[in-house]
Amino acid sequence: MRRQQTNFASNSPNSCLPLPKGNGNATKCRSPNSEPILTSIRVLIRVASHDVINTSSFLNQRLGGVFLIAEIELTGERLEDALGREAIAQTRIVGREFRLVIRSGLPDAGLSITLYHEILEAATVASLHPPESVCDLNEAGFESAARQAQQTWGDASVENLNRMLQFYGFRED
Amino acid sequence: MVDYDKIQFDLVKLLNGERILRLTDPQSGLSLEKKLKASEAVVRQKDRLLQVFEAALARAELIGA
């Protein structure tokens, strides 16, 4: 995987919003005709509804009992394969360890679905004898499974990735 | 037969939605990649690529590459 630029970003600049502190943020968002308390609630709802995925929370966590995310990086660099074709994600699998590089700037839902997709497909490829439930999945099948996981369990987290892997039959040997 | 746990697998998702699977033997540096067919199961394509990779690796070792 080649990267053309040199700027690394550990997370999408748009994916983390600061939590409101005291009245400061509420005051900024207050409209002339609304009560301060209502404005504060609106700010909290807006922040809560903006789904933030903290990629560092996945590091060194066990998935499916046997897999491990050893590295995960959101990068602002252009990702390319060996032939110079633009890529949006790469998952490297060595043994039971996964190293993910994902292009930053994806909306949070897109990032979440990408994580579900990469992990399910990586677990499948990493397994010498994967569960039957994934043996017939093609690319569209993995994408569909990832979207279904997003719909069923919400944003990707260690717990939700484990739910998905368990659902598809990945068990600790 | 190569040690499965020592092979490096790279799954690359291209911008156009296509998927590349690359197998690398870190010791010899031998690498083999294939664009996966969208309509066919990933596991079957991986298994076939793995067979070709093992054969190539055995041949490389035979000729001392």
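Refer to the structure printed above.
Residues numbered from 1 in each chain as written. Chains lettered and ligands numbered in written order. Predicted model: local features only at pLDDT ≥ 70, side-chain atom pairs only at ≥ 80, totals over all residues.

Observations concerning the overall build of chain B
Phase 1 of the analysis: Counting secondary structure elements, chain B contains 1 helix and 3 strands.
Phase 2 of the analysis: Element order for chain B, N to C, with α for helix and β for strand: β-β-β-α.
Phase 3 of the analysis: Projecting the C-alpha coordinates of chain B onto the three principal axes gives extents of approximately 40 × 20 × 20 Å.
Phase 4 of the analysis: Expressed as a percentage of the 65 residues in chain B, the buried residues total 26%.
Phase 5 of the analysis: Taking as baseline every contact in chain B between residues at least 6 positions apart, the subset at least 24 positions apart corresponds to 33%. (Helix = DSSP H or I, 4+ residues; strand = E, 2+ residues; numbered from the N terminus. Buried ≥ 20, exposed ≤ 12 C-beta atoms within 10 Å, placed from the backbone. Contact = placed C-beta atoms within 7 Å.)

A look at the interface of chain A and chain B
Phase 1 of the analysis: Each partner contributes residues to the interface: chain A has 26 residues there, and chain B has 20 residues.
Phase 2 of the analysis: Listed by contribution, the elements that provide at least two residues to the side of chain A that touches chain B are strand 5 (86–94), helix 3 (108–126) and helix 5 (139–153) of chain A.
Phase 3 of the analysis: Along the lines of polarity and charge, the residues of the side of chain A that touches chain B split into 14 nonpolar, 5 polar and 7 charged.
Phase 4 of the analysis: Sheet topology places strand 5 of chain A next to strand 1 (residues 8–14) of chain B; 7 bridges connect them, and they run antiparallel. By the bridge assignment for strand 1 of chain B, Ala87(A) is matched with Leu14(B). (Nonpolar A, V, L, I, M, F, W, Y, C, P; charged D, E, K, R; others polar. Pairing = 2+ DSSP bridges.)

Digging into helix 1 (residues 42–62) of chain B
Residues and elements named next belong to chain B.
Phase 1 of the analysis: Its 21 residues give helix 1 an end-to-end C-alpha distance of 30 Å, which sits within 8% of 30 Å, the value for a rise of 1.5 Å per residue.
Phase 2 of the analysis: The set of residues buried in helix 1 consists of Val 42, Val 43, Lys 46, Phe 53 and Leu 57. When helix 1 is viewed along its axis, its buried side chains cluster within an angular range of 80° and face the same direction. Of the exposed residues in helix 1, the ones pointing more than 90 degrees away from its buried face are Asp 47, Arg 48, Gln 51, Val 52, Ala 55, Ala 58, Arg 59 and Leu 62. (Expected span 1.5 Å × (residues − 1). Arc of directions from axis to C-beta.)

A short note on unusual backbone geometry
Residue and element names in this part refer to chain A.
Phase 1 of the analysis: Not every positive phi belongs to a glycine, and Asn 60 is a case in point at roughly 60°.
Phase 2 of the analysis: Tracing the sequence through the fold places Asn 60 in the loop between helix 2 (36–49) and strand 2 (62–63).
Phase 3 of the analysis: By C-beta crowding, Asn 60 is classed as exposed, having 10 other C-beta atoms within 10 Å.

Quick word on the nonpolar core
Phase 1 of the analysis: By size, the foremost hydrophobic cluster in this structure holds 47 residues, and its most contacted members are Tyr116(A), Ile119(A), Leu120(A), Ala122(A), Ala123(A), Ala146(A) and Leu161(A).
Phase 2 of the analysis: Residue contributions to this core peak at 10 residues, all from helix 3 of chain A.
Phase 3 of the analysis: Beyond its immediate stretch of four places on either side in the chain, Ala122(A) contacts Thr91(A), Ile93(A), Phe98(A) and Leu11(B). (Core = buried A, V, L, I, M, F, W, Y, C linked by C-beta atoms within 7 Å.)

What about the pairing of strand 2 (residues 19–24) of chain B?
All names here are of chain B.
Phase 1 of the analysis: Burial within strand 2 is extensive, with 5 of its 6 residues counted as buried.
Phase 2 of the analysis: Here 6 bridges tie strand 1 to strand 2, and the two strands are oriented antiparallel to one another. Note on strand 2: the bridge partner recorded for Asp 10 is Arg 22.
Phase 3 of the analysis: Hairpin remark: strand 1 followed by strand 2, antiparallel, with 4 residues in the connecting loop; positive phi at Gly 17, about 95°.

Looking at the pairing of strand 6 (residues 97–103) of chain A
Residue and element names in this part refer to chain A.
Phase 1 of the analysis: Most of strand 6 sits inside the fold, with 5 of its 7 residues counted as buried.
Phase 2 of the analysis: Where strand 3 (residues 67–75) lies against strand 6, 7 bridges are found, and the strand directions are parallel. Directly across from Thr 75, in strand 6, lies its bridge partner Arg 103.
Phase 3 of the analysis: Note: strand 5 against strand 6, 6 bridges, orientation antiparallel. Bridging across to strand 6, Ala 89 finds its partner in Ile 102.
Phase 4 of the analysis: Where strand 5 hands over to strand 6, the hairpin turn is made up of 2 residues, of which Gly 95 adopts a positive phi near 65°.

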